[in-house]
Each structure stands twice: as structure tokens, then as C-alpha cells.
Amino acid sequence: MADFNVSSRIDGDVNLIDVKGYLDAHTAPDLENEFNKLIEKKQFKVVVNFSELNYISSAGLGVFMAYVETMREQSGDIKFSNLREDVYSIFDLLGFPVLYEFYKEEKDAIKKFG
Amino acid sequence: MNSLITSILEGNKKNKLEKFIFSIVILVLFKIFFPLVNATVLVLINEILIFASLSLGFLYFVEITSSKSDNPISLSLNVGILSAILFFIISISAAIFDTIENIEDVNGVIYTFSSVIISQLFILSAVYILASFQTFYSIRQKRVNENYFDYLLIAILLSAFSGMLSKISSELQFVEKTFFFVAIVLVVFNSFRVSWIAFLTKKQKIFILFTSIIISGLFGLNFAMFFDNNIIEQIVGNFSPGVKISYRLIMLYGNVYFGIIFFTTLFHLPTAGAFDQKSEEITSLIDLSKLMTQVLDFKELADSLTDATNKVCNSDSAWLVTIENGENNLISVNNIGYLEAKNISDELLSEFKEQLTDVVSMNKKLIKIKLKNDVRTYIFQAIIIAPLKVHGKTNGFLFATKRQKYKFEQDEKKAVGAFADYAAIALENAKLFKESVEKERMENELEVARNIQMRILPSENPKNEQLEVDALFVPAFEVGGDYYDFFQLGNNKLGFVIADVSGKGVVASYVMAEVKGIFESLSRVIQNPKELLIETNDILKKSLSKNSFVTALYGIIDIENGKLNFARAGHTPLVICSEGKIKEYLPKGIGLGLDFGTIFSSNIDNMEIELNNNDILMLYTDGITESRNSSNEEFGFDKLSKVVENNCNAELTQITRSIFEEVSLFSKEQQQHDDITLVLFKWKNFKKSLEKLNG
């Protein structure tokens, strides 16, 4: 199975999640865990850095859909940054850019949280 | 002759009993016919009959006593009770009756009968006791071909017959005495057959210690009383002098044997505890290996293991921790609190992490554990930590601790190691079993999902002269949730849909079934693809979970004039190949289930296209474009469009086959991880062809 790795950092009150490798039905639970930890810590401002993500499946996309509501209700959000072109096209085809904010650079996303 | 003897000696228990009773009957008849035995010949016949009967009795009794060979305690109790009864009868009768003068000449039916009964009682008891000794002798016998007991039997027989000799002539008494002496030597020699004592438990040893001295005393008294002049001795002696001698020898055997049992047990007693320990260790190891093959629940086995650890290793408490995903899981505790064990093992494991590749033992260990409000200190005299290792991987640890007692002995440490090994194997077995069950369950589930999917998809494609239709569906091993369908709308319109449900397996196939139901019914009432998808999204609101969505593309073709109207909800684009040129059509529209409000409805558009003669219309799911090869590259849209372009003028079935072949060739050796769906249309403009013909 393809590898997947998730880790998180903090910049001010914004939490940065780095995703690496292949995000699919088998690896999605790892990302869910990360989100659960943030919610436990009452951290709702999240930027997901996709710079090292190679592939995302529908199950991977589902993770963001499952958590975004909670974040937004707590006046936070999930924003995406540094997507590779092919990964972005998956989001784009589905219409994610209508519902989520995408940024070229992580710092732009952080700035948006103000 | 030989075969005659063998045929007498052989036979089962019942045969032996029959022969024995038969011999007694003959003996009794003989005694009735010849109440007074004076002639030498008669004495000889008398003795031979008696000993033949006794031998048969002995063979029968050995059958009974040898069935008790695994329970020497009960056997010795039997013997003890028997000798007590004999002693009782002798004492009582000696007290009540005087000796009879000139017993050789006493005659009469009453005397004959009572003498036969009394003699038989004593003789048979003695023979039963002798048979028991034979069984004692054979218990735990290591070497075969040891005939000392047989020699003893022969010595008893010889001294018995020589007793007759001394009756005939008192000068021959030395023969009797010699054989008697030889018999005594053999009795003493055989009496050292007491190795079975070692295998008794401590409790049993204490029991046998007390009973053996009593039984030995009883036998001694019985032996001594037969030298005394009393009525029983007189009667038995008159019945047969040889029997009297054998009786004495057997009583002496009892006296010596139980005396030796007493002393042996006495010497064994100090080590009895240690011996118990060892045998318990062996027993629990046997029990555990039995348990390993029978119990698949690891928790149950772990409980037995910690229990056995405490018993065998003399520890106060034992507990077992497994490591799953880097976390310590306390599985079983024995004689220690759950929380206590958890805290202590967490502390110990973090302290000794690196050293725990082999069994570790430590003495005088102080463990401080910080609780919420205070610090608790545990003092252990000794701790053993044994890793659960399988294939060089440590899956957990077995702990054994002593709080009050002394440190662990080397063999106790080894035993903990052995138990840990058992636990490691059992844990591995349990894991493999769980995995296979899980796999089977998943396969059953997938079978269900595949069945659902096959029922949902159209069994055949619509047939129309102007609109050719072909479709390809290749299910993935884990059902992917692809769906396509056609709806005949009036005479000249065909509705079509292609959809992909997120997720896999049974859940995806149920959503798929629902999606089919929605499209089936909405296609009849809503003629506007965009409105239809908005309505579909609204209905799915109730059933889609937060993290799942459906991409779909719905359209209607007017077969007569080639007008196509469609809308897309997050699905892959519609592709048209017109005169060898590929074109993608991608009206905006987000996936079903991404939003259930105005964002969805305000971000979706219809798209109208007029098809040209022989245009190929293609719908597909991402299972095609996301197929991967061995170097993990995607098939991609470019390759797909190239195949279509190259075959634009070919038959529809040919295009389908080419695409399938290309994808298969590309992703060979790689498992197909998503469903592959492809729907192709070829529209023919009859009007145009007519015009051409006319023109």
C-alpha cells in the first residue's frame, strides 16, 4: 500500500496539517485522528498543506467534508494550500473551490484567518 | 503341558473369576470327602489343591488391584483395612475361644465347614494383600524384565511346601527354615519398591506417613499372632500347614513394606513442597498447551497464564500487557488491582524499554507513581519482566512480582519466560484467527455488494437505429459504487445517467441503489437535467452521511434531431469525438452531497449541444483515468482521449474494446482499486444521410 503521513504544526492560533503521500480509504482514518485531536483541543482554525500529497481519493475528500461544518460552527475553517496541479484538479472537478478556500501559499491561508 | 498352563493362566477377568471359583469348589468337596488328612498322599493333594486355588485367586485379584495402580493411596487403605479386619478377628476369637486339643483328630460337619470358611477368609485376604503388593511393586517400575516379585512368589510357594515336609519328618525342618529365610530376604528386597511415594502430593505424603505406620503395626501384630498359639492359627494350620507359612510371610511383607513406606515418606517429606511445585509446573504447562489449541479468545488464555505464573513461580501478582500500535494494553491481572498494574507496567516499560529484549529480573525495586494528588510508592522484593516475542517482534510483556517473599529463583525466572513464550504464540494465533474471520466477513459483505450492483445496472443497452449504445462495466474487488442507466422518455428521447458514489463496499452499493431509485422516478417527471440534479441532491440530503458524496452526470438526447441537454454534478466531463477530434464539455456543478442549499443550486448549469452525424459521445468514471501502472502513474485523460480519437470512426464495440485493452495493458499486475465504467453513444443523422442521398 502506498504511504501516507500526517503531522501538524502551530502558527499562532492557526493549526497547520501537513499531509504526505496517498490519502485514500485506508489512510483517511489517520487524518480523521488528527482532526479529532484538534477538536479535542478546541482548535478550529485549520490550514491543510498539500505540498507533498500525491493523490486523494473520494474517501480522503470525505474527511474534509465531515469536519468542515464543526470548524465553521466554532468560527474556524478548513483552508487548503500548496496543492499540486493534478491534486487540485480532483478538487476542482468536484466543485470544492465553491465551498472551500484554496491558496497557493500556506502563509496566505494563515493570513486569511487574521 | 505348557499350553495347558498358559490356557489356565490366560483369559479375561471373568474367566479368571470362574476358574478361581471352580478351584474353590473342588477344594471344598475334597475337604468334605477327606475331613481328616493324615496320609502323606492326601496331604500332598490337599496342598496342591489349595495352592492351585490360591494361584488362581492371586491372578484374579491382581486384575482388581492393578486397576487401582494409579491410586496407591486407596490401594494401601484397602490393604490396611483388610489387615485390620484380620487382626480384629484373630484378637476376638483368641479372647473368646480356647485352643482345641488334638485338632488333627477333630471331626464333624460343623467343624469342617467353619474351618474351611475361616481358613478361606484368611487365605484369600492374604492372597488379596499379596496381589496388592504385586501392584505396588509394578507402580512406576522403570525397568522391564525385573522378576524379583516372581522369585518371591516362588520362595513363598517353596517354603509353604517345605512346611509339609517338616510335618512329615521333623528332621527336614531345616529345609522349611531355609526357604523361609530366603523368602524373608526377598520380602525385604522387594519392599524397597516405593518410588511411587515421590509422586504423591505433599498432602498425600502426610496422609500416607500416618497410615503406613499404623498399617505396618497391624501387619506386625498379625505376623506375631500367627506364632502364638491361638485358635485361628490352629484352624488355618490344620487346614494347610503351607498356607500358614505363606500367610506369615505375607504379613511380614506387609509389616516390612509399610515400615519402609513410612521411613521413605518421612525422608521425602521435606522436599515434598518442592516436588509439588515442579509437578504443578509441568501440569500447568500441559494445561496451557491444551488451552492454546482450544481457546481462541486471547483474554481467556491470558487469565490462565497469569494464574499459572503466580502458582508456579510463587509470585504474589502477575499481569500481562500487550502492545498494539505502540500502546500498552493491560489484558489480564492476577492478584493485583487493574489500575495499579497499569501504572506500574507503564512506569517499568518506559524505564527499561531498551533492555527488554530478554527476560529481565530485578530485586528490591522501588516504584513511585504520581497520581493526581499524591505520590504512591510500591516496594517490590523482586520483579520479572518477560517479553512476548514472536518472529523477533515483541508484542507484549508478562510481569511477575513478589512483594513480601524473597527474590525469584533461576527456575522460576525460566518458567516466567516459558509462559511469556506461550502467550506470544497464543497472541499471534488469536490475531491470525481474528484476521481470517474479518477477511471472511469482508468477503461475504463484498459478495452482497456485488450482487446489489449487478442488479442495479441495466441488463442490456437500449437499441435504436439512430442511436447506438454500448457500455463497459468492470467491478473492482472492493465494490466501488459506479452506476449508469438509461431511461426511455417517450418515443424519441433517451435519458441517461452515470454516477459514482464515494466510498466502497456495501455502504456504497446501498447509496447506489437509492440513487437509482431517485433517477428512475425523477427522470419521468423532470425534463430539465439541472432541475433533476438539484432535486436529487435535495432527496439525498436525508440519506448521505457527512463524509460521502455522489458525482453524477444526467442528460437527455433527442434521438431524432441529435439535440443533447445535460447537467453535471461534480462528475468527469462529457466527451464528444466529432470527426476525429475530441472535445470535453464541463458545465459547472458541484458533487451531490457537498452542499444541500443554495450553493449547490446556484452553481449548476445545463449545457446544450447539437450532435453531428456519427459523433461519438462518451461518459466515464474516474476508475479509468485513475487506473495505475506498476510505477504508480495514472492512466489519465490524455491516453483515454487518444484511444478514442484513433478509433473515432470505428464501431462502438471496437472503441469500447480498445479502451478496455489499453487500460488493462497499462495497469496489468496492479490491482484494480475502483470500478471502471464507460458508456458510449453514436448518433446517426438520418435526415442528413437522406439529404446526401437525395442531393
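That block above? That's the structure.
Counting from 1, residues in each chain are numbered in the order their sequence is written. Whichever chain is written first is A, and whichever ligand is written first is 1; the rest continue in order. In keeping with the predicted nature of the model, local features appear solely for residues at pLDDT of at least 70, side-chain atom pairs appear and are counted solely at 80 or more, and the whole-chain, interface and lining totals rest on all residues.

Another point: the environment of Lys370 of chain B. All names here are of chain B. Tracing the sequence through the fold places Lys370 in strand E3 (residues 360-370). The class for Lys370 is exposed, based on 10 C-beta atoms found within 10 Å. Measuring from C-alpha to C-alpha, the distance between Lys370 and Asn343 comes to 9.1 Å, with 27 residues separating the pair along the chain. Strands are runs of DSSP state E lasting at least 2 residues, helices are runs of H or I lasting at least 4, and numbering of each runs from the N terminus. Three exposure classes are used. Buried residues have 20 or more other C-beta atoms within 10 Å of their own C-beta, exposed residues have 12 or fewer, and partly exposed residues fall in between, all C-beta atoms being placed from the backbone.

Most peptide bonds are trans, and most residues other than glycine sit at a negative phi. Residue and element names in this part refer to chain B. Even without glycine at this site, Asn335 takes up a positive phi of about 65°. With respect to the element layout, Asn335 can be found in the loop between strand E2 (327-334) and helix H12 (338-352). Even without being a glycine, His391 presents a positive backbone phi close to 50°.

Moving on, we get to the sheet that holds strand E14 (residues 615-620) of chain B. All names here are of chain B. Pairing is antiparallel in the open sheet, where five strands are placed in the order E6-E15-E14-E11-E12. Bordering the open sheet on either side are strand E6 (467-474) and strand E12 (581-585), each of which pairs with just one other strand. Across the sheet, the mean angle separating the axes of adjacent strands is 20° when strand polarity is ignored. Two strands make a pair as long as DSSP finds a minimum of two bridges between them. Both strand E11 (residues 574-578) and E12 contribute to a ladder of five bridges, which runs antiparallel. Among the inter-strand pairings, Ile576 is bridged to a residue of E12, identified as Lys583. Where helix H18 (residues 636-646) meets the sheet, it contacts E11, E12 and E14, and its direction lies at approximately 30° from that of E11. By the convention adopted here, residues are in contact when the distance between their C-beta atoms, placed from the backbone, does not exceed 7 Å. Fitted lines through C-alpha atoms give the axes, limited to the stretch in contact for helices. The angle between two N-to-C directions lies from 0 to 180 degrees. The sheet contacts of helix H19 (residues 652-666) involve E6, E14 and strand E15 (676-683), and relative to E15 the element is tilted by about 155°.

Moving on to the interface of chain B and chain A. The interface is formed by 17 residues belonging to chain B together with twelve residues belonging to chain A. Residue polarity is assigned by list, with Asp, Glu, Lys and Arg as charged and Ala, Val, Leu, Ile, Met, Phe, Trp, Tyr, Cys and Pro as nonpolar; anything else, Gly included, falls into the polar class. Considered class by class, the residues forming the side of chain B that touches chain A number four nonpolar, ten polar and three charged.

With that settled, the discussion passes to H12 of chain B. Residue and element names in this part refer to chain B. The end-to-end C-alpha separation of H12 is 21 Å, in line with the 21 Å expected for 15 residues at 1.5 Å each. Listing the buried residues of H12 in full gives Ala341, Ile344, Ser345 and Leu348. For H12, the buried positions fall inside an angular range of 100° around the axis, keeping them on one side. Residues of H12 that are exposed and point over 90 degrees away from its buried face: Leu339 and Ser350. Buried residues along H12 sit in contact with strand E1 (317-324), E2, E3, strand E4 (375-390) and strand E5 (393-402). Given a helix with a known number of residues, its expected span is that number minus one, times 1.5 Å. Note: the arc covers the axis-to-C-beta directions of the helix.

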